[in-house]
Amino acid sequence: MAKLYYGHVVVDGHRIHYYRTADEKPPVVLLHGITDNGLCWSRLALQLESDYDVVMVDARGHGLSTAPESGYTPEVQAGDVAALIQSLGLERPALIGHSMGAATAAAVAARYPEWIRGVVLEDPPWSDQLWLETAEQRVTRAEQMRAHIVENKERTVEDLVQLCRGLHPAWDEGDLFQWAKSKHQVKMGIVAGLMEPRSDWGATARQIRVPV
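How each quantity is defined
Residues numbered from 1 in each chain as written. Predicted model: local features only at pLDDT ≥ 70, side-chain atom pairs only at ≥ 80, totals over all residues. Heavy atoms only, no water. 1 Å grid on protein atoms, 1.4 Å probe; cavity = no way out; pocket = protein on both sides within 12 Å on 5 of 7 lines; lining within 4 Å. Points joined across faces, edges and corners; volume = space filled by probe spheres on them. Helix = DSSP H or I, 4+ residues; strand = E, 2+ residues; numbered from the N terminus. Nonpolar A, V, L, I, M, F, W, Y, C, P; charged D, E, K, R; others polar. Phe/Tyr/Trp six-rings, centres within 6.5 Å; stacked < 30°, edge-to-face > 60°. Salt bridge = Lys/Arg side-chain N within 4 Å of Asp/Glu carboxyl O. Buried < 20%, exposed > 50% of the residue type's maximum accessible area, 1.4 Å probe, protein only.

1. A closer look at the layout of surface pockets
Computed from the structure, the largest pocket encloses a volume of approximately 440 Å³. Lining the largest pocket we find 13 residues, and of these Asp-36, Cys-40, His-98, Glu-122 and Trp-171 sit closest to its centre. Listing elements by their share of the lining of the largest pocket, those giving two or more residues are helix H1 (42-48) and helix H7 (173-185). Taken together, the residues that form the lining of the largest pocket break down as 5 nonpolar, 4 polar and 4 charged. Considering the residues around the second largest pocket, the lining is formed by 20 residues, among which Ile-34, Met-100, Arg-141, Leu-194 and Arg-198 are closest to the centre. Of all the elements in the fold, those that place two or more residues in the lining of the second largest pocket are helix H2 (74-88), helix H3 (100-111), helix H5 (135-154) and helix H8 (191-194). Sorting elements by how many residues they give to the lining of the second largest pocket places H3 first, with 3 residues.

Shown next, in the form of C-alpha cells:
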C-alpha cells in the first residue's frame, strides 16, 4: 500500500486500533474473524485502495486493541464499530466482515442502518446450533478455543506460517505471515465471549434494511 495510517479510538475506556489507507474516497470498513487481526485484510485492501478509503479494524481483544474482561457479543462489538465510524467521521461506509466480523457487520446493519451504506457478510457464524447451545456447551467450546490459542502462542511465527501454508496452500505468502502474527497478538480475554449466550441470528437478519 502506498500509504497506511494507523491510530485508535477509545470506546468505554477501551482502545480500538485501526489501519487506514486514505481519507478522500468512499469509505470501506473491514472486520476480521476470530483470532485474526485487521492486517489479515491487507491483500484485499491493496485491491480496494485505489478507489476506496479502506479502514481495517482490530476487534477488541485482537491485534493492537485492548481486551476488556467482557463484551464480545456481536452487539457490543457493533457499538465499537459505530463509535469508530463516528470518531473518524466516515460518511456511510460499506462494511465487509468475515466470520466473527460478519456477525458484527450484521449487528451494525441491524442497529445503526442510517450510518452505513451496505454490508458484505463472508461466512457469518449463523447457526441454530450455536443459538441453542446450553451453558455447559458454551463452556466446553470456550475451553477448546483457550487451548487452541495457547497452542498457537507457543509456536513461533515461522512455525505458524508453515502450519498455515499446509492448511491453505493457495494463500498468498503475505496472508500467511499476517495470519501467523495475529495468533501471537490475540488476547485470552476473547474466550469470555464464547461463554456469553448468542442472540437469535434470524432476528438480526430480519432487522437489516441496507443492501447485503
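There's plenty left to go through after this.
2. Examining the packing of aromatic side chains
Aromatic ring pairs are described here by two measures, namely the spacing of the ring centres and the angle between the planes. Evaluated as defined, the whole model comprises 2 aromatic pairs. Note on Tyr-112 and Trp-115: the rings are 5.1 Å apart at their centroids and 20° apart in plane angle, and the pair reads as stacked. Pairing Trp-126 with Trp-201 gives two aromatic rings, centres 5.3 Å apart and planes at 20°, and the pair type is stacked. One end of the pair, Trp-126, is in the loop between strand S6 (118-122) and helix H4 (128-131); the other, Trp-201, is in helix H9 (residues 201-207), and 75 residues separate them in sequence.

3. A look at the pattern of salt bridges
Under the criterion given, the structure shown has 9 salt bridges. One salt bridge in this structure joins Arg-43 and Asp-175, with 2.7 Å as the shortest N-O distance. In this pair, Arg-43 sits in helix H1 while Asp-175 sits in helix H7, placing the two residues 132 residues apart along the sequence. Note on Arg-43: relative accessible area 40%, which makes it partly exposed. For Asp-175, a relative accessible area of 14% puts it in the buried group.

4. Examining empty space enclosed by the protein
Evaluation of the coordinates by the stated rule reveals 3 cavities of 30 Å³ or more. For the largest cavity, the calculated volume is near 140 Å³. Residue lining of the largest cavity: 14 residues in total, with Pro-74, Trp-126, Arg-198, Ser-199 and Trp-201 positioned closest to the centre. Among the secondary structure elements, those contributing two or more residues to the lining of the largest cavity are H2, H3, H4 and H9. Here the lining of the largest cavity is built from residues that sort into 8 nonpolar, 3 polar and 3 charged. Quantified by volume, the second largest cavity comes out at close to 100 Å³.

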